[in-house]
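Listed below are the residues making up each chain.
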Amino acid sequence: LLEGVIKLFSLQYLVPEMDTLYVSSHPDDFRSLLVLIAAQYSPSSPRIVTEEPPAEVARARPTLRVAGDQSAALLGAGAVSWYLAAQGNRTGRGAKQESQVWQWLSFAENELTPVSFPKNFYPDSGSLFLQLLRILKVLDQVLESRTYLVGENVTLADMAVAMAALLPFKYPMDRKTLVNVSRWFDTCVHQPQFLKVLGKISLCEKMGPVPPTSASAASADGTTPSGAPVSGPPKTEAQLKKEAKKKEKLEKFQQKKEMEEKKKQMQSQTEKKAKPERKELGVITYNVPTPAGEKKDVLSPLPDSYSPQYVEAAWYPWWEKQGFFKPEYRRKNISEPNPRGVFMMCIPPPNVTGSLHLGHALTNSIQDCLTRWHRMRGETTLWNPGCDHAGIATQVVVEKKLMREQGVSRHDLGRELGSRKLSFAVQEAFVRLHEEGVIYRSKRLVNWSCTLNSAISDIEVDKGELAGRTLLPVPGYKEKVEFGVLVSFSYRLEDEEVVVATTRIETMLGDTAVAVHPSDPRYQHLRGKVAFHPFCDRRLPIVFDDFVDMNFGTGAVKITPAHDHNDYEVGERHSLPFINILDENGFLINVPPPFLGMKRFEARKAVLQALKDRGQFKEIKDNPMVVPVCSRSKDIVEPLLKPQWYVDCTEMGKQAADAVRSGELRILPDHHLKTWFNWMDNIRDWCISRQLWWGHRIPAYFITVNDSSVKPGEDVDGHYWVSGRSEEEAKEKAAKRFNVTMDKISLRQDEDVLDTWFSSGIFPFSIFGWPNESEDLSVFYPGTLLETGHDILFFWVARMVMMALKLTGKLPFKEVYLHAVVRDAHGRKMSKSLGNVIDPLDVITGISLEGLHAQLKDSNLDPVETEKAKQGQKSDYPGGIPECGTDALRFALCAYTSQGRDINLDVNRILGYRHFCNKLWNAVKFAMKTLGEGFVPSEEAQLCSDENVMERWILSRLCAAVSLCGNGFQEYDFPAITTATYNFWLYELCDIYLESIKPVFSRTDPEGQTQADVCRQTLYTCLEVGLRLLSPIMPFVTEELFQRLPRRRPQDCPPSISVTSYPESSEVRHEQRLGGGVKVQSTRADCKTTPQHPRGRFAVQGLIDVEKELAKLHAKRAELEKQLEKLQERTEKSDYLEKVPAKVQEQDAEKVRGQIQTELQKVKEATENFRRML
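Residues numbered from 1 in each chain as written. Predicted model: local features only at pLDDT ≥ 70, side-chain atom pairs only at ≥ 80, totals over all residues. Heavy atoms only, no water.

A.B. asks: Sorry if this is basic, but what is going on with the overall build of the protein chain here?
C.D. replies: Each helix and strand in the protein chain was counted, giving 38 helices and 33 strands. Across the 1174 residues of the protein chain, 53% fall into the buried class. A separation of at least 24 residues holds for 76% of the contacts in the protein chain among residues at least 6 apart in sequence. When the accessible surface of the protein chain is totalled, it reaches about 53,000 Å², and 51% of it is carbon and sulfur. (Helix = DSSP H or I, 4+ residues; strand = E, 2+ residues; numbered from the N terminus. Buried < 20%, exposed > 50% of the residue type's maximum accessible area, 1.4 Å probe, protein only. Contact = heavy atoms within 4.5 Å. Areas by Shrake-Rupley, 256 points an atom, 1.4 Å probe, with all protein chains shown as cover.)

A.B. asks: It is not clear to me how the environment of asparagine 967 should be interpreted in this structure. Could you clarify?
C.D. replies: Residue position: asparagine 967 is located in helix H31 (residues 949–970). Note on asparagine 967: relative accessible area 29%, which makes it partly exposed. Residues asparagine 967 and serine 99, spaced 868 residues apart in sequence, show a C-alpha to C-alpha distance of 9.7 Å. Excluding residues within four positions of it along the chain, asparagine 967 makes contact with Ala95 and Lys96.

A.B. asks: Which parts of the structure should I look at to understand the packing of helix H29 (residues 886–896) against helix H32 (residues 974–997)?
C.D. replies: Relative orientation and spacing of two packed helices are given, respectively, by the angle between their axes and the distance between those axes. Contact geometry of H29 with H32 gives a least axis separation of 7 Å together with a crossing angle of 125 degrees. It follows that H29 is oblique to H32 by the angle criterion. Crossing geometry of H29 relative to H32 is assigned as left-handed. On H32, the residues that touch Phe891, Cys894 and Ala895 of H29 are Phe974, Pro975, Thr978, Thr981 and Tyr982. Looking at the contact of H29 with H32 residue by residue, the classes come out as six nonpolar, two polar and no charged. (Axes fitted to C-alpha atoms, helices over the stretch in contact; angles between N-to-C directions. Parallel < 35°, antiparallel > 145°, perpendicular 65-115°, else oblique. Left-handed = near helix turned anticlockwise from the far one by under 90°. Nonpolar A, V, L, I, M, F, W, Y, C, P; charged D, E, K, R; others polar.)

A.B. asks: What should I look at first to understand the pairing of strand S12 (residues 485–492) in this one?
C.D. replies: Along any regular strand, the residues point their side chains to alternate faces of the sheet. Across the eight residues of S12, seven count as buried, placing the element largely inside the fold. Here six bridges tie S12 to strand S13 (residues 497–502), and the two strands are oriented antiparallel to one another. Looking across to S13, one finds that serine 490 is bridged to valine 499. With antiparallel pairing between neighbouring strands as the criterion, S12 and S13 make up a hairpin whose turn holds four residues. (Pairing = 2+ DSSP bridges.)

A.B. asks: Explanation requested: the nonpolar core in the structure shown.
C.D. replies: Nonpolar side chains tend toward joint burial in soluble globular proteins. In this structure, Phe916, Phe974, Trp985, Leu989, Tyr993 and Met1034 are the most contacted members of the largest nonpolar core, which totals 103 residues. Per element, the largest residue contribution to this core is 13 residues, and it comes from H32. Leaving out residues up to four positions away in the same chain, phenylalanine 916 has contacts with Phe891, Thr981, Tyr982, Trp985, Leu986, Leu1030 and Met1034. Grouped together as the second largest cluster of nonpolar side chains are 75 residues, Leu665, Trp676, Leu754 and Met803 included. (Core = buried A, V, L, I, M, F, W, Y, C linked by side-chain atoms within 4.5 Å.)

A.B. asks: Before we go on, may I ask you to explain the sheet that holds strand S8 (residues 454–456) in this structure?
C.D. replies: Each strand in a sheet pairs with its neighbour through backbone hydrogen bonds, running either in the same direction (parallel) or in the opposite one (antiparallel). Here we have four strands laid out as an open sheet, ordered S8-S7-S20-S22, and antiparallel in their pairing. Looking at which strands have only one partner, the edges of the open sheet turn out to be S8 and strand S22 (686–687). In terms of strand pairing, strand S7 (residues 439–449) meets strand S20 (residues 638–647) through ten bridges, oriented antiparallel. Bridging from a neighbouring strand, asparagine 447 pairs with proline 639 of S20.

A.B. asks: Help me out: how do you make sense of the sheet that holds strand S4 (residues 73–75) in this one?
C.D. replies: Read across the open sheet, the four strands follow the order S2-S1-S3-S4; overall the sheet is mixed. Each end of this open sheet is capped by a strand with a single partner; those strands are strand S2 (47–49) and S4. Pairwise comparison of adjacent strand axes, ignoring direction, gives a mean angle of 20 degrees for this sheet. Alignment of strand S3 (residues 63–65) against S4, held across three bridges, turns out to be antiparallel. The partner of arginine 65 across the bridge, within S4, is alanine 73. Helix H3 (residues 77–87) contacts strand S1 (20–22), S3 and S4 of the sheet and is inclined by roughly 120 degrees relative to S4.

A.B. asks: Mind showing me how you'd approach the environment of alanine 657 here?
C.D. replies: Position of alanine 657 among the secondary structure elements: in helix H19 (residues 650–661). Alanine 657 sits in the buried class, given a relative accessible area of 0%. Taking the C-alpha atoms as reference points, alanine 657 and leucine 673, separated by 16 residues in sequence, lie 9.6 Å from one another.

A.B. asks: Even after reading the chapter, I still don't get the pattern of salt bridges, so can you show me in this structure?
C.D. replies: It is possible for side chains bearing opposite charge to pair when their charged atoms get close. Across all of its chains, the model carries 48 salt bridges by this definition. Across the pair arginine 1049 and aspartate 1052 runs a salt bridge, and its minimum N-O distance is 3.8 Å. Between arginine 1117 and glutamate 1121 there is a salt bridge; the shortest N-O distance is 3.1 Å. With arginine 1117 and glutamate 1121 both in helix H36 (residues 1106–1131) and four residues apart, the pair spans about one turn of that helix. As far as burial versus exposure is concerned, arginine 1117 and glutamate 1121 are alike and both buried. One salt-bridge network, held together by shared partners, links Glu428, Arg432, Glu435, Arg725, Glu729 and Lys733. (Salt bridge = Lys/Arg side-chain N within 4 Å of Asp/Glu carboxyl O.)

A.B. asks: It is not clear to me how the packing of aromatic side chains should be interpreted in this structure. Could you clarify?
C.D. replies: For any pair of aromatic rings, geometry is given as the distance between the ring centres together with the angle between the planes. In this structure the tally under the stated criterion is 43 aromatic pairs. Through pairs of rings, three or more aromatic residues link up here, namely Phe430, Trp645, Trp686, Phe702, Tyr720, Trp721, Phe738 and Phe758. The positively charged end of lysine 296 is found above the aromatic ring belonging to tyrosine 310, 4.7 Å away from the centroid. Sitting over the face of the ring of phenylalanine 1042, arginine 1047 holds its NZ or CZ atom 4.1 Å from the ring centroid. (Phe/Tyr/Trp six-rings, centres within 6.5 Å; stacked < 30°, edge-to-face > 60°. Lys NZ or Arg CZ within 6 Å of the ring centre and 35° of its normal.)

A.B. asks: Just checking my understanding: could you explain unusual backbone geometry for this structure?
C.D. replies: Trans peptide bonds make up the majority, and among non-glycine residues the majority have a negative phi. Going from leucine 668 to proline 669, the amide bond is cis rather than trans, its omega being -10 degrees. In this fold, proline 669 is placed in the loop between strand S21 (666–668) and helix H20 (673–681). Of note, the bond from tyrosine 781 into proline 782 is cis; its omega dihedral lies within 30 degrees of zero at 0 degrees. With respect to the helices and strands, proline 782 occurs in the loop between helix H24 (775–780) and strand S28 (785–789). The residue asparagine 89 is not glycine, and still its phi comes out positive at about 55 degrees. Its place among the elements puts asparagine 89 in the loop between H3 and helix H4 (94–112). On the basis of relative accessible area, asparagine 89 is assigned to the exposed category, the value being 67%. With a phi angle near 55 degrees, asparagine 739 is a residue other than glycine that sits in the positive phi range. Note on placement: asparagine 739 falls in the loop between helix H21 (727–738) and strand S26 (745–749). Taking relative accessible area as the criterion, asparagine 739 reaches 71% and is therefore assigned exposed.

A.B. asks: Even after reading the chapter, I still don't get H20, so can you show me in this structure?
C.D. replies: Since the α-helix advances by 3.6 residues per turn, residues separated by three or four positions end up pointing in the same direction. For H20, the set of buried residues is Trp676, Phe677 and Met680. The buried side chains of H20 occupy one side of the element, clustering within an arc of 90 degrees when seen end-on. Buried-residue contacts for H20 involve H19, S21 and helix H25 (793–807). (Arc of directions from axis to C-beta.)

A.B. asks: Can you walk me through the packing of helix H33 (residues 1006–1030) against helix H34 (residues 1035–1042) in this structure?
C.D. replies: Close contact between H33 and H34 brings their axes to 9 Å; oriented N to C, the two are set at 155 degrees. Classified by the angle between their axes, H33 and H34 sit roughly antiparallel to one another. Along this stretch, H33 crosses H34, giving a crossing that reads as left-handed. Contacts between H33 and H34 involve Glu1024, Leu1027 and Leu1030 from the former and Thr1038, Leu1041 and Phe1042 from the latter. Looking at the contact of H33 with H34 residue by residue, the classes come out as four nonpolar, one polar and one charged.

A.B. asks: Explain the side chain of threonine 113 to me, please; I cannot follow it from the model alone.
C.D. replies: Turning to its location among the elements, threonine 113 is positioned in the loop between H4 and helix H5 (127–142). Within the structure, threonine 113 has its side chain in polar contact with the backbone oxygen of alanine 108 (distance 2.5 Å). Discounting residues that sit within four places of it in the chain, threonine 113 has contacts with Phe30, Arg31, Ala108 and Ala164. (Polar contact = N/O pair within 3.5 Å; in protein donor to acceptor, adjacent residues only side chain to side chain.)

A.B. asks: I tried to follow the environment of glutamate 312 on my own but got confused; where do I start?
C.D. replies: Position of glutamate 312 relative to the elements: it lies in helix H11 (residues 308–312). Look at glutamate 312 and you get buried, because its relative accessible area is 19%. Setting aside residues no more than four positions away along its own chain, glutamate 312 makes contact with Lys296, Tyr306, Ile844, Gly885, Thr886, Asp887 and Phe1036. Among the polar contacts made by the side chain of glutamate 312, one reaches the main-chain amide nitrogen of threonine 886 at a distance of 2.7 Å.

The structure is reproduced here in structure tokens:
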């Protein structure tokens, strides 16, 4: 972001003199420490001065006075450290890394620094402590798989963030949860360059005196002004806290006095002109009659302010009617070769279980942005949606809705309501794999949900970790059920007993053996003996097996082969009976009275009491354990023996892993690679049978041969099962297999349906008509990209890769981009079943709290869940959700993807981007007025010889934004795109350039008119290119504004911004080259560069009324300080933490850190910049 200012760096090569660096001598001034460390990496170290810099240079430190030019100076830690680090190649390699380094520099200054003060390091310091801890935890997640923040070596990013975190790490904070940050910080501060500046850092773990080398809080913490410690006894924790509070109160009192003085000074100014009230953005509607599909009226004047309802009206039907979204747009047909290439991305839309949520909005925002970008690049572009694919989730929710609203069950409706659109392709895939032996039938233990009456896959089982005794709710039970305990009881032999233990005491009714280790000396005498079951006449052999842990419990283990995965294998090895004691609904079967027919967890209590009555109960104790929970129904999963269909994944999994290892398939971000290889290299066979009512019914048939010469088959015998694309085909196969005529064959189709991920796994090619050849299939398969959430990497992505390689011999796509998962304010994944859904339409159009409550009435939640959801809505959105608009929502979601794996969405931030849209609106309105009605842009964006430094500077910033956006789209770095466009429009174009050119258009002399014409051409270029940069992310507002601009070549200009070309570096490269060349010389004569803020500031002499600007800034600062004071008083109240909800505390902290303090910092910097011009 400082690129335009940091061109001054080339001055170092013009003169041999040494630069002078002015820094503070305070040992805890981390801004000065940052530039000193950066200087250590510079090959030409500057001269270090701890005095105040000369008044003509600057009035603040750190400042770098550039050698050879007494008036050129770099101000502020950001600019100075970048200058010095760049000399030592520590600002990243290439544009992408430079952008990342600059983002971390901004993070250190705007996120971490405001909360990194000693008074915030104690848990009782309120919301600022929570904010500090939250920021450090985010940093800890980022560093989980990295040694340094950017690249493989220390960069300015590490220097800046480490210095911002210096005080928290030197003070007594709990760092046990910050393992990765601590490791990284320790690595940084032990670098020779850090050690030379900081010395050896001692991290304080407990309250007490700070070591001399830690340079902690001079005078306030018992050091001399020079930083030397004052001798004396160590201070206690209470004393340190008391001193910190006393110091805080003193600072607060001093700030109040300063504010009162400033108010008196400003009173005369503010009395002259009353402060205008801040107006809320109103609702403006588009009322011009426009038939659907016709172009919107763009001749009427723009409304006074941006309104989403006005802007978003009428454009989409016009885009559709014009065919902009068709892949063949501007081509004869899709088969016509395109030198730009083909882009194809497919994704099913959300399922039918309810309304949309913001997770869907994130997915589709990212995908639509990518599709629009590829279309603007001239590629043949297809974004192909599909059909609903949610099997279990759909059935659960739809059944509840049917029963509640119509009083009917799924059985009343029949099975043919499920989607059959892709049934032919699904049948073909199953038949081919079954004929090859990849799909086979086997009776094994499956994960069974008694609530769903269906098997579920391993990855649909959540593992609930319990530390000990815990009562959990279970569907179908009024009272909670006890888990996390280990029950010990004895089995009796003829003349002794053996004690075993279990966490599921009810399963002892299905025990068929007791196992001990072959080397356990305690049980060698039991070889060949049996134990007696207490509730039936079953004899349990004592078996010897290596799987038994001799050191756990008594060393003896009960064996229930039909209900435990480990016991199943023991049963297989020792040929034990497999006794199933549970039916599909969770009721006990094959057990003696009184347990017969009991529900499983009611039997748990009954069995325990019966053992006590017989004197065989020993003890119950807490036992840490993992409870398997169905992710769909929240039922406790039971291992159950069932004949099912399985896919042999061994070879397919190896191919999928090899494709990524070889680079044929690219997965981003790359920290997901570990998960991918872990799954693929240890993959288990995939159970594809689901006991559901709706879905793709398995095209497999059980064979009965009506011939006495052929013995009847069993369900688990794969020889008696045949697959077919139709029943007739299956009959032919069966007759041929058993060498009989077709009339002797009777078939029974399997009642089960296929796992929903089986049909989804063939989606990339089935949507184009596979297995039949088609033009679509030849052009668009294989696809280009798969974009989805990381939570279904194995559910769906892996299955698509395996199935595509097996059935087509090709990868389904070249790249996989996995975005973050959107969670609610409490960190939970958004789910319609939980009732915590935020409908994106509510964010777009706005909704009241009462409206949110009303939506819950139409949901599938029970009354208790509904009331709980209401309370959550009241806490999170006490005033409802304001109207934000589509463009602001899309922009916010793309900007949020920088937060790692999960996104805890803040609607207030989305509203902030609506204000950004209003800024765009006003900028273009001002620009159109400035351009004038008769303005004609040049046919090409190019420089003439009359541009002054400001024209060249803004064009260089435009070029930088184009480069950053192009790289961002290439690397799926959406935050880099949003940051680049936001900074260019808001801070560089609006805040600096537009303000600087206003005096130009007031001149009437010939030279002034010439300069005005140059300004108009530059301004047009910035607007036209800037809107095209934003178009993929903000399609509506950019279309509305683009249509109001004149065209360079009206005769061949595209009709919509959505089909213009996306800006490329080559288009504006000449602006960067010429701008840079003139900048070094012209900047010294015409401007004072003041890069104190990460965005950079220009104070252009002679073009701005400095006194007027300072007065405005003083008023703004007073207003912000008043807001900050009120908010801090509120958060510092003794009962704040107890009475104020956590969400509100987070919002208050965000206001302090993210809004008021940031804005206050901008005002202070702008004030300093203007003062230097006086």
